[in-house]
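# Observations on the three-dimensional arrangement
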Amino acid sequence: CNLLRAELPLQSGALLTVLGCRMETGAAQNLTAQYNEQRRCFDQILLPAVLPARTHRLFIVCGDFNNARCLASLQRPFDPNDYLGRAQCNYNLNLIKDAFYARGFHMADQTDAGQPIATHTKGTMAFPLDHIFVRGLTPVHCGVRPSACSDHAILWAKCTL
């Protein structure tokens, strides 16, 4: 898991922490092993980098989580039955969202219908690989823009304090 962290002092005196991430893929021999390794990195590298709310109230975590298709509504907690027999049963967007929600974050790229915004298209399928989680901010709008610098669209969010 590659991380880039910046801390920005705001005019109000508050500190805004922005953590960009990219979950690496492709090192494992099969998809199940790949997703299991991504889960290990998520638990041992990414989540510990998200400090408690009392020290860093304003926080944005954004980036490429490489979590494959989302197979269940994000409006309810993770249910293992939704991913039964799938390679991503141990590393998926429902688990990721629940872990961030437990730390006081909200998912900016979740639609009102409980689905993530797709950022990558492969053939006729669209995948939500990039995500934005915010703590201490309120997402107002989220969308995607095409990019010549990436293999998928750029996810962006407008938030208020």
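For the structure itself, consult the block above.
Residues numbered from 1 in each chain as written. Predicted model: local features only at pLDDT ≥ 70, side-chain atom pairs only at ≥ 80, totals over all residues. Heavy atoms only, no water.

### A few points about the nonpolar core
The nonpolar side chains of a soluble globular protein tend to be buried with one another. The biggest cluster of nonpolar side chains holds 27 residues, and the ones touching the most others in it are Phe42, Leu46, Val61, Phe65, Ile96, Phe100 and Phe133. The set of elements that each furnish at least two residues to this core consists of β2 (15-22), α1 (31-46), β3 (58-64) and α2 (93-101). If we ignore the near neighbours within four places in the chain, the residues touching Phe100 are Phe42, Leu46, Leu47, Val50, Val61, Phe65, Phe105 and Phe133. Listed in part, the 10 residues of the second largest apolar core include Leu58, Ile60, Ile117 and Leu137. (Core = buried A, V, L, I, M, F, W, Y, C linked by side-chain atoms within 4.5 Å. Buried < 20%, exposed > 50% of the residue type's maximum accessible area, 1.4 Å probe, protein only. Helix = DSSP H or I, 4+ residues; strand = E, 2+ residues; numbered from the N terminus. Contact = heavy atoms within 4.5 Å.)

### Here we look at α1
Among the residues of α1, Gln34, Tyr35, Gln38, Cys41, Phe42 and Leu46 are the ones counted as buried. Mapping the buried residues of α1 onto a view down its axis gives an arc of 115°, with all of them on the same face. Buried residues along α1 sit against β1 (2-9), β2, β3 and α2. Its side-chain oxygen 3.1 Å from the backbone nitrogen of Thr32, Asn30 forms the N-cap of α1. (Arc of directions from axis to C-beta. Polar contact = N/O pair within 3.5 Å; in protein donor to acceptor, adjacent residues only side chain to side chain.)

### Remarks on the pairing of β2
Examined bridge by bridge, β1 and β2 share eight bridges and lie antiparallel to one another. Counterpart to Leu8 in the pairing with β2 is Leu16. From the end of β1 to the start of β2, which pair antiparallel, there are five residues, and Gly13 there has a positive phi angle of about 100°. Sheet topology note: the β2/β3 ladder contains seven bridges and is parallel. Bridge pairing links Leu19 to Val61 in β3. (Pairing = 2+ DSSP bridges.)

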